[in-house]
Amino acid sequence: MPEAFTLLPDEELMSLLQRGSDAAFTQLVRRYKDSLTNFVYRNLGELDRTNDVVQETFVRVYHYRASFARGTRFATWLYQITRNAMRTELRRGAWIRDNHVRPDLESEGELNGWESYNSDDPLPDDELEGSMTYQAVQQALLSINPSYREVVVLRDIQQMSYEEIAEITGLESGTVKSRINRGRAQLQKLLRPIYYADKGTSRS
Amino acid sequence: MMRYERRSSSRSEQIRHALSNLPRIPADPAFDRDLHLRIDNEGGEIPHLLHSLPSMTAPGNFEEELWKRIGTSAPSHRTPLWIGMIGGWRTLNGLVYLLGGAAALIAVVVLSSHKAPAPQELHTSPTAATIAENLSTHLPLSLQTQAPVMQKQTATTEPSRRAATSALASAVKSSQRGASSTESLKIIQSAPVVVVPPATPPAATVAPPMQTDTAPQGTAQSSTADTHSTKSEVIEEPAASAGGPSGEE
């Protein structure tokens, strides 16, 4: 792969890919595979499925590269594809569990057509998490309303701006902010014991 | 005025007294804790906690698996997608044209093999020739001599039909006048022969090519032919029967 590719912006690489450069595609994959894996894993909670979704995302990027329009931000386009692939995976239903949202949280927000998982089920990748706190945070993430979880992950884990999130999700910026706040509030309630334990230890 | 002021002051006193005596409602025990959480959230405690989560990374063989999934083993050796698409499209089109051409060819061959024989083929077919030969060899001589007559009959037209009718009529008249049967027969024989188109298969209507020029001679022979052999054969040909051996009787 040419070294110059590492310096090119995403959109330029996409342009090269549209002209048949596989090296440009490889460069884009290397740039985004980890961040996409992180995003999908925090939403799905299973590494195998996460890997599958991220691969499917890049396959779609490759096959539909001609549909990438000039002037579009590549990251936004990529996350939109990822989001769709994630939804498709969720709707496939083989591994989706029922009762995904806790009853006390269910009334606080709409489900927006998303499915999620039972937070009581143990995560298969426990060893990947460094501590009990991380496991608890991951489980709490999987327990909140999926429409909130998505924007919270994009904002607090992927460090995206409200405008970027609005562009990816197709929501108004105000709706994005409100969902992020509601998601955080749900996480606070779920993480209260851990939160106070940490607070207690840090204060003492 | 003074009375009004005194009354209002007493009322406000009463209200103040009532308010001060309202039962006290204690604050929610969780109020302080929730307030604390709320302040922490606004200050970014939850975002900080989420951001501190360990980053997940793609597996080491991610790219290899991806290229396999896309459909090729190594990106550098792959044909560009658009070439593959065009090639695939052309291959598909070519296949469609090939199948269509083959089907058309088969259809032409099948149709031509089942085509009905042309009229001229009937004349030259061995069946017709065989029939003619059999007729010439096996039929009695009297019928063979009639064959040219039959061939001539096919060319009979409306005027000859009228002439035959008038000849018959004159023969009937002459017989009514008392003429001999031989005389009437001569009148009939001199008339042209009219034949009703036969309902027999086409092969039967084909006349053998021989003896075409011997018609007068044949007619003369027919008068001396055997009557028994011709009776059954001449039924379909009224004119022939009229001019046949039966007339000699």
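Residues numbered from 1 in each chain as written. Chains lettered and ligands numbered in written order. Predicted model: local features only at pLDDT ≥ 70, side-chain atom pairs only at ≥ 80, totals over all residues.

S.K.: Can you walk me through the overall build of chain B in this structure?
M.R.: Along chain B, the regular secondary structure elements total 15 helices and zero strands. Residues classed as buried in chain B amount to 13% of the 249 residues present. In chain B, of all internal contacts separated by at least 6 residues, the share reaching a separation of at least 24 is 67%. (Helix = DSSP H or I, 4+ residues; strand = E, 2+ residues; numbered from the N terminus. Buried ≥ 20, exposed ≤ 12 C-beta atoms within 10 Å, placed from the backbone. Contact = placed C-beta atoms within 7 Å.)

S.K.: Teacher, can you tell me more about the overall build of chain A here?
M.R.: Broken down by element type, chain A carries ten helices and zero strands. Counted over contacts in chain A with a minimum sequence separation of 6, partners at least 24 positions apart contribute 62%.

S.K.: Would you take a moment to explain the packing of helix H3 (residues 47-63) of chain A against helix H4 (residues 62-70) of chain B for this structure?
M.R.: The geometry of a pair of packed helices is captured by two quantities: the angle between their axes and the separation between those axes. Viewed as axis vectors pointing N to C, H3 of chain A and H4 of chain B meet at an angle of 50 degrees, and their least axial separation amounts to 10 Å. On the basis of the axis angle, H3 of chain A is oblique to H4 of chain B. The element H3 of chain A and its partner H4 of chain B pack so that their crossing is right-handed. Contacts between H3 of chain A and H4 of chain B involve Gln55, Phe58, Val59 and Tyr62 of chain A from the first element and Glu65, Leu66, Arg69 and Ile70 of chain B from the second. (Axes fitted to C-alpha atoms, helices over the stretch in contact; angles between N-to-C directions. Parallel < 35°, antiparallel > 145°, perpendicular 65-115°, else oblique. Left-handed = near helix turned anticlockwise from the far one by under 90°.)

S.K.: How do you make sense of the confidence of the model for chain B when you look at a structure like this?
M.R.: Do not read the fine detail of predicted coordinates wherever pLDDT is low. Residues and elements named next belong to chain B. Averaged over chain B, the pLDDT score is 63; the fraction of residues at 70 or greater is 34%. Of all secondary-structure elements in chain B, the lowest mean pLDDT belongs to helix H15 (residues 245-248), at 38, while H4 reaches the highest, 92. Note that residues 147-155 has pLDDT below 50 and, in this model, 18 contacts with residues that lie over four places away or in other chains. Here residues 203-249 is a poorly scored stretch, pLDDT under 50, and it has 74 contacts once near neighbours within four places are set aside; other chains count. With a pTM of 0.48, the predicted complex shows an ipTM of 0.73. (pLDDT = per-residue confidence, 0-100.)

S.K.: Explanation requested: the interface of chain A and chain B in the structure shown.
M.R.: Each partner contributes to the interface: chain A provides 25 residues, whereas chain B provides 24 residues. At the level of secondary structure, the elements contributing two or more residues to the side of chain A that touches chain B comprise helix H2 (22-44), H3, helix H6 (132-143), helix H7 (146-157) and helix H9 (173-190) of chain A. The greatest single-element share of the side of chain A that touches chain B, amounting to eight residues, is contributed by H2 of chain A. Grouping the amino acids of the side of chain A that touches chain B by side-chain chemistry returns eleven nonpolar, eight polar and six charged. (Nonpolar A, V, L, I, M, F, W, Y, C, P; charged D, E, K, R; others polar.)

S.K.: Sorry if this is basic, but what is going on with H2 of chain A here?
M.R.: For an α-helix, the turn length of 3.6 residues means that residues three or four places apart are oriented alike. Residue and element names in this part refer to chain A. A maximum bend of about 40 degrees is found in H2 at Tyr32. Burial of H2 is extensive: 18 of the 23 residues sit out of reach of the surface. Residue Gly45 follows H2 closely and has a positive phi angle near 85 degrees. (Bend = angle between axes of the 7 residues up to and from the residue.)

S.K.: I keep staring at the confidence of the model for chain A and nothing clicks. Help me out?
M.R.: Per-chain confidence: chain A averages 80 in pLDDT, with 75% of residues scoring 70 or above. With pLDDT under 50 throughout, residues 99-130 of chain A is counted as low confidence; its partners more than four residues away or in other chains account for 52 contacts.

S.K.: For this particular structure, what's the right way to read the environment of Glu89 of chain A?
M.R.: Residue and element names in this part refer to chain A. With respect to the element layout, Glu89 can be found in helix H4 (residues 74-92). Taking the C-alpha atoms as reference, Glu89 lies 9.4 Å from Thr50; in sequence the two are 39 residues apart. Look past the residues within four positions of Glu89 in its chain and what remains in contact with it is Arg49, Asp52 and Val53.

S.K.: Teacher, can you tell me more about the nonpolar core here?
M.R.: As a rule of thumb, soluble globular proteins bury nonpolar side chains together. If you look at the biggest cluster of nonpolar residues, it comprises 51 residues, and the most contacted ones within it are Val40, Val137, Ala140 and Val151 of chain A together with Leu50 of chain B. Ranked by residue count, the leading element in this core is H2 of chain A, at ten residues. Viewed by domain, this core spans two of them, domain 1 (1-96) and domain 2 (98-204) of chain A, each represented by three or more residues. Those residues within four positions of Val151 of chain A in sequence are excluded, and the remaining contacts are Ile165, Thr169, Val176, Arg179, Ile180 and Gly183 of chain A. (Core = buried A, V, L, I, M, F, W, Y, C linked by C-beta atoms within 7 Å. Domains from an automatic or database assignment.)

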